[in-house]
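# Architecture at a glance
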There are 2 protein chains.
Amino acid sequence: MDKASLVTIGNELLIGHTVNTNAAYLGEKLLSIGVSLVDEHTVGDSIDSIVQALKLAADQADLILVTGGLGPTEDDLTRQALTKFLNVDLHLDQKLLMEIEKCFKKRSTAMPANNKLQAHIPAGASALQNKIGTAPGIRAEWKGKLIFVMPGVPYEMKQMFEESVLPEIESAAAKAAKNSRQVKVIHKLNCFGESESNIAEMLADLAQRDRNPQINYTVNYGTVTIHITATEKNIQQAKIIADADEKIIRKRLGSLVFSTGRQTLPQLVGQLLAAQNKTLAIAESCTGGLLAASITDIEGASRYFTHGWITYSNHAKISELGVPAQLLEQYGAVSEQIASAMAKGAKIKAATDYAIAITGIAGPTGGSEQKPVGLVFISITGADTETKKFIFTGNRQSIRIRAAHTALNMLRLQLQID
Amino acid sequence: MDKASLVTIGNELLIGHTVNTNAAYLGEKLLSIGVSLVDEHTVGDSIDSIVQALKLAADQADLILVTGGLGPTEDDLTRQALTKFLNVDLHLDQKLLMEIEKCFKKRSTAMPANNKLQAHIPAGASALQNKIGTAPGIRAEWKGKLIFVMPGVPYEMKQMFEESVLPEIESAAAKAAKNSRQVKVIHKLNCFGESESNIAEMLADLAQRDRNPQINYTVNYGTVTIHITATEKNIQQAKIIADADEKIIRKRLGSLVFSTGRQTLPQLVGQLLAAQNKTLAIAESCTGGLLAASITDIEGASRYFTHGWITYSNHAKISELGVPAQLLEQYGAVSEQIASAMAKGAKIKAATDYAIAITGIAGPTGGSEQKPVGLVFISITGADTETKKFIFTGNRQSIRIRAAHTALNMLRLQLQID
C-alpha cells in the first residue's frame, strides 16, 4: 500500500461554511508513514456524488479514506452511499446500538430516535469506535482495497484515525515498503525570527529541485518550517542524508531553529519552564487573552503558569498592575514604558520568575501617524527586563497572533540562555 | 450557468503543509450569486493529474475554477496542463512579459529568468491581471464552458477573483437565471443550547429529503447551524418559502436561535453589550484566556470589555478576585461556590455591569470520580448571579472551547432578557 485517496463529504464544505482542515491533517499523517495522498475530492451530501467519488478514488489508490456524513440526520448519507458502492445491504448492528445508547446514558439524556441510524453498517463491514461522539466509523474492504469512513468533525476524526485507522495502515504500509524501492524520510525544523525569503536565501544552495534531500518551506504566522525530504532505498540511508542536511541547516540558522517535528512554541516554552522549575505571569492588552490561552492550551500548564491579566483599559493597567497613571498620560498605553511597567507589575503581583507584557494596536481602527495599526511593544522581565518594539502587518487576527507568538519566542530565547 | 467545479492544485495541499481555505471562500462567493459549487478536487503538481481533474470538472459543471500552480518554479505546471487540456500551444505574451518586468522594477529588483515562464499562456486564452503578485491568471473557454485559473496564494486569488472573475460570472449567472427554472436562496440560523439530534428531532417534519426548502445542519463546538435552502423559479418566490420556514423554526426553537448568517456568539454578545451600554469583566480558570480572547477578537471590544483575570492557581483566585481561602478549602476550586465567588469578585473589582467566571477541569488529567474531566462551572453575575454546572465531552481543546462558548451563550440570554 503506497497510494491513498481522500473523499471528504458535506454540503457545508462546498458552500463555504466550513474550511476543510481534515485533508491537511490526513495528508501529513499519511506522509509520515510513507503513504502518499494522491488526491482529495470534496462532494456534497448526495448518494450519487459520493458513490462516484468512491469509484474515482478506488481507480487510483489502494487506501480510501472518507470523512463526513455519518451524523444522525437525514442529510447524512455516507453510510447509505458506501453500502451502494459496495453493493451490499445496510443492516442494524445490535452491539453498536447498545454502545450508542450507553453514550447517551453517560450524558444522562435519552437517545433520540434519529441516532438509531448510526448503528447501521454495510454487510461485511465493521464499526470503528468513536470515543468522543456518537457516530461510529466504518471499515470495509473492496477488491483488495481498504476503506475507512470517519466522522467529519475534526477532533472526532483525529481521535478515531489515530486509535483505529493509523495502526492498521501503518503496518500495511511497512509491509509494502519492504518490497518497494524508495523510502522517504522527512525532518521538520521549526524556526522563528526571520522571514521565509531570508531563510530561503541563507539556504539557497540546498534548495535546488534535483537535489536529494529536497528542501521546502511552509509558513504559519511567523513560524517558518523547513521540510527536509530524503529519498533513498532504505530508511537508514535516508536518515543519514536527512541528518547531514539538518546539521548544516542548524549550524547556519543557529537559534532561529526552535524545535523539530510538530512541537509548537507554547509546547516548547512550557517544557523549558517546567524543566527549569520557573513560573510565569502574563499581562495582555491588545492580544486580549490570546497569549495566556496558548500557554494554558498545553496540558499541565498550571505547573508554571499562575496569574494572567487582561488589562484592556487604562484603569485596569493602573489598578491591577500598578502602572503609574502619570506614565500612561506621558507616553500613552502603547509604548515601551507601559509594556515594561506592565511586565514588572505582573511579576511583582504574581511573585513569579518571569512576566510577559504585550501592548499594541491590533486595529483595524485606532492607529495614527506616530502609532500605526500593528505597532506592538513586548516586554519580558526575569532577572532583567527586555522590551522590544514591533510593527506587524496583516489584519487584526494576524497582528494578535503574531504578537503572541513573538512574545513566546522572546521568552524561549531567554529560557535557553538563562 | 448554474454549476461550478473547483480544481485546487498543489503538492503542499496533499502533504498537510497547507490547509485549503480557497475552497470555502469560493464556495461562499459562488453561492451568493446563485451558482452552486458541485465539487472540489485537489490534485498534486503533475500535468496528468491536472488534466484528468479538468476533464472531470468539465463533465459536471459549466464553470471551472482552478487555483494554484502558476508560480515561477519548476513544480508549477498548471499553465502547461491547461494548454494540454485545451489541446492548443503555449506561447509567450509580450505584453504580459512587460507587465511582469514592471512589477519587479517596482520592487527595485531584477526579474529572475524563471519568471519569464509566467508570461506564457495557452493560445486563444487571455491573461487575468495580478495586482498583488507576479503570477497572472488565465481565462479560457472550452466547448461553451468558462475556465478561470487563479494563483493559489489566498490573498492574490481573492483579489483576482473579485476584480476579474466575479463580475463576468455574476452577469453570466444572472443571464442564465433568467432562462432557467431554478434559483436558490439559503437562510442560515445559528443555534446554541441543544444538540444537533435534539434540534433535528424538533424539526423532523421539515427535514424530509424531497421537501422544498431543504433543511440541513452543521455543528461547530456546540453551535448548530440550520441551513434552509429554498429552490424556486425566481428569487422572490424562493425568499417567500425560506422566510416561511424560518418563521416556523424560530417559533419552535425560541431562544435557541441566536443569530443568522455568519454572525458568531462573540460578535452578537459584543453587539448587545455595546447597544445596551453595558460593560463586562471576565475571570477564567480552566479556559485560561480563551473567553477573553474571543471577546477581544471583535473590533471595538474596548467599548465594553475592560478587565480580565486568568486565575490559574488558588492563590491567584484569593489575591486577585478576593475568593475566600476557606471557601476554596471547603469546596475545591472547581465548584459552584468558587465560580460564583470569582464572578462576584471580578464584578466588584472591575466595577462592570456584568462578570463571567469559569472554573473546571479541562483534562486530560486531574479528574476524579466526583469531579471528572469535563466538569465546568460557569457563573454570570449582573443584577443577580446565575451559576450552572456542565459536563463537556471531548479533549482538552474541545472542553475549553465549549466552556467559553457556553459562557457566551449564557450572557447572550441574559442580555436578551434584561
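So, here's what we can say about the structure. (Residues numbered from 1 in each chain as written. Chains lettered and ligands numbered in written order. Predicted model: local features only at pLDDT ≥ 70, side-chain atom pairs only at ≥ 80, totals over all residues. Heavy atoms only, no water.)

What follows deals with the interface of chain A and chain B. Listed per partner, the contact involves 72 residues of chain A and 77 residues of chain B. Approximately 6000 Å² of surface area, both sides summed, lies buried where chain A meets chain B, with 53% of it carried by carbon and sulfur atoms. Seen at the junction of chain A and chain B, the total is two salt bridges. Where chain A packs against chain B, one counts 32 residue pairs in polar contact (both at pLDDT 80 or more). (Contact = heavy atoms within 4.5 Å. Buried area = accessible area lost by both parts, 1.4 Å probe. Salt bridge = Lys/Arg side-chain N within 4 Å of Asp/Glu carboxyl O. Polar contact = N/O pair within 3.5 Å; in protein donor to acceptor, adjacent residues only side chain to side chain.)

All right, on to the sheet that holds strand S13 (residues 280-284) of chain B then. Ordered in space as S17(A)-S16(A)-S15(A)-S13(A)-S14(A)-S14(B)-S13(B)-S15(B)-S16(B)-S17(B), the 10 strands form an open sheet in which the pairing is mixed. Two strands lie at the open edges of the sheet, namely strand S17 (385-391) of chain A together with strand S17 (385-391) of chain B, each paired on one side alone. When the angles between neighbouring strand axes are averaged without regard to direction, this sheet yields 10°. Here five bridges tie strand S14 (residues 305-311) of chain A to strand S14 (residues 305-311) of chain B, and the two strands are oriented antiparallel to one another. In the strand pairing of S14 of chain B, Trp 309 of chain A is matched with Trp 309 of chain B. (Pairing = 2+ DSSP bridges. Helix = DSSP H or I, 4+ residues; strand = E, 2+ residues; numbered from the N terminus. Axes fitted to C-alpha atoms, helices over the stretch in contact; angles between N-to-C directions.)

All right, on to the packing of aromatic side chains then. Within this structure, the stated rule accounts for nine aromatic pairs over all chains. Taking 5.5 Å as the distance between ring centres and 55° as the angle between the ring planes, the aromatic pair formed by Phe 305 of chain A and Tyr 312 of chain B counts as tilted. Residue Phe 305 of chain A is located in strand S14, and its partner Tyr 312 of chain B is located in the loop between S14 and helix H11 (314-321); the two belong to separate chains. One exposure class covers both Phe 305 of chain A and Tyr 312 of chain B, and it is buried. For the pair Phe 390 of chain A and Phe 392 of chain A, a centre-to-centre distance of 5.4 Å together with 10° between the ring planes defines the contact as stacked. (Phe/Tyr/Trp six-rings, centres within 6.5 Å; stacked < 30°, edge-to-face > 60°. Buried < 20%, exposed > 50% of the residue type's maximum accessible area, 1.4 Å probe, protein only.)

Residue and element names in this part refer to chain B. As for its placement among the helices and strands, Thr 352 is situated in the loop between helix H13 (336-350) and strand S15 (354-360). Looking at Thr 352, its side chain comes within polar contact range of the main-chain oxygen of Tyr 354, at 2.9 Å. Excluding residues within four positions of it along the chain, Thr 352 makes contact with Thr 279, Leu 280, Ala 281, Thr 306 and Lys 347.

Right, let's get into the nonpolar core. Among the nonpolar cores identified, the biggest contains 72 residues, and Ile 356, Ile 358 and Leu 411 of chain A together with Ile 356, Ile 358 and Leu 411 of chain B are the most heavily contacted of them. If sequence neighbours within four positions are ignored, Leu 411 of chain B has contacts with Val 269, Leu 273, Leu 280, Tyr 354, Ile 356 and Ile 380 of chain B. Counting residues in hydrophobic clusters, the runner-up holds 30 residues, among them Ala 281 and Ala 283 of chain A together with Leu 328 and Ala 355 of chain B. (Core = buried A, V, L, I, M, F, W, Y, C linked by side-chain atoms within 4.5 Å.)

A surface patch of nonpolar side chains, about 290 Å² in accessible area, is lined by Ile 132, Val 153 and Tyr 155 of chain B. Mapped onto the elements of the fold, Tyr 155 of chain B is located in helix H6 (residues 154-179). (Patch = residues over 30% accessible without salt bridge, like charges linked within 9 Å, V, L, I, M, F, W, Y side chains within 5 Å. Areas by Shrake-Rupley, 256 points an atom, 1.4 Å probe, with all protein chains shown as cover.)

If you rotate chain A by 180° and push it 2.6 Å along the axis, it lands on chain B with an RMSD of 3.0 Å. The overlap is high: 82% of the interface residues of chain A also sit at the interface in chain B, so the same surface is used on both sides. (Least-squares fit on C-alpha atoms with pLDDT ≥ 70 in both.)

Turning next to unusual backbone geometry. Residue and element names in this part refer to chain B. For the bond from Asn 212 to Pro 213, the omega torsion is 0°, close enough to zero to count as cis. A cis amide bond links Gly 363 with the next residue in sequence, Pro 364, at an omega value of 0°. Positioned with a positive phi, Asn 87 is a non-glycine residue whose angle comes to about 60°. Structurally, Asn 87 is set in the loop between helix H4 (78-86) and strand S4 (90-92).

Moving on to the pairing of strand S8 (residues 145-150) of chain B. All names here are of chain B. Of all six residues in S8, six are buried; the element is thus mostly enclosed. Here S8 shows a buried face lined by Lys 145, Ile 147 and Val 149 and a second buried face lined by Leu 146, Phe 148 and Met 150. Relative to S8, strand S3 (residues 63-67) is paired through five bridges, and the arrangement is parallel. Following the sheet pairing, Thr 67 is matched in S8 by Met 150. Where strand S7 (residues 137-142) lies against S8, five bridges are found, and the strand directions are antiparallel. Within S8, the residue paired with Trp 142 across the bridge is Lys 145. Two successive antiparallel strands, S7 and S8, enclose a turn made up of two residues, where Lys 143 displays a positive phi of approximately 50°.

Bringing the pattern of salt bridges into the picture now. All told, the structure shown has 22 salt bridges over all chains when counted by the stated rule. Between Glu 28 of chain B and Arg 262 of chain B there is a salt bridge, with its nearest N and O atoms 3.1 Å apart. Taken together, the residues span a long stretch of sequence, with Glu 28 of chain B in helix H2 (residues 22-32) and Arg 262 of chain B in the loop between strand S12 (257-260) and helix H9 (265-276) at a distance of 234 residues. Salt bridges sharing common partners tie together Glu 28, Lys 188 and Arg 262 of chain A.

A few words now on the pairing of strand S7 (residues 137-142) of chain A. Pairing of strand S6 (residues 126-128) of chain A with S7 of chain A involves three bridges; the strand directions are antiparallel. Pairing of Ser 126 of chain A across the sheet is with Arg 139 of chain A, part of S7 of chain A.

Before going further, it helps to spend a moment on the sheet that holds strand S2 (residues 36-43) of chain B. Spatially, 12 strands are ordered S6(A)-S7(A)-S8(A)-S3(A)-S1(A)-S2(A)-S2(B)-S1(B)-S3(B)-S8(B)-S7(B)-S6(B) in an open sheet, and the strand pairing comes out mixed. Each of the sheet's edge strands pairs with one partner strand only, and the pair in question is S6 of chain A together with strand S6 (126-128) of chain B. Pairwise comparison of adjacent strand axes, ignoring direction, gives a mean angle of 20° for this sheet. Bridge count for strand S1 (residues 3-9) of chain B against S3 of chain B is five bridges, and the pairing is parallel.

Its place among the elements puts Val 38 of chain A in strand S2 (residues 36-43). Its relative accessible area of 24% is what places Val 38 of chain A among the partly exposed residues. Those residues within four positions of Val 38 of chain A in sequence are excluded, and the remaining contacts are Lys 3, Ala 4 and Gln 60 of chain A together with Leu 14, Thr 42, Val 43 and Gly 44 of chain B.

For the rest of this paragraph, the subject is the packing of H2 of chain B against H6 of chain B. All names here are of chain B. Direction vectors running N to C along H2 and H6 enclose 20°, while the axes themselves pass 12 Å from each other. Judged on the interaxial angle alone, H6 and H2 are roughly parallel. In the packing of H2 onto H6, the handedness of the crossing is right-handed. Facing H2, whose interface residues are Asn 22, Tyr 25, Leu 26, Lys 29 and Leu 30, H6 presents Pro 154, Met 157, Lys 158, Phe 161, Glu 162 and Ile 169. Across the contact of H2 with H6, the residue classes break down as seven nonpolar, one polar and three charged. (Parallel < 35°, antiparallel > 145°, perpendicular 65-115°, else oblique. Left-handed = near helix turned anticlockwise from the far one by under 90°. Nonpolar A, V, L, I, M, F, W, Y, C, P; charged D, E, K, R; others polar.)

It is worth spelling out the environment of Leu 70 of chain B at this point. By the element assignment, Leu 70 of chain B lies in the loop between S3 and H4. Excluding its chain neighbours within four sequence positions, the residues that come into contact with Leu 70 of chain B are Asp 76, Thr 78, Arg 79, Gln 118, Ala 135, Pro 136, Gly 137, Ile 138, Val 149, Met 150 and Pro 151 of chain B.

All names here are of chain A. Within helix H2 (residues 22-32), eight of the 11 residues are buried, leaving the element largely enclosed by the surrounding structure. Buried residues of H2: Asn 22, Ala 23, Ala 24, Tyr 25, Leu 26, Gly 27, Glu 28 and Leu 30, and no others. Count one or two residues on from H2 and you reach Gly 34, which has phi positive near 80°.

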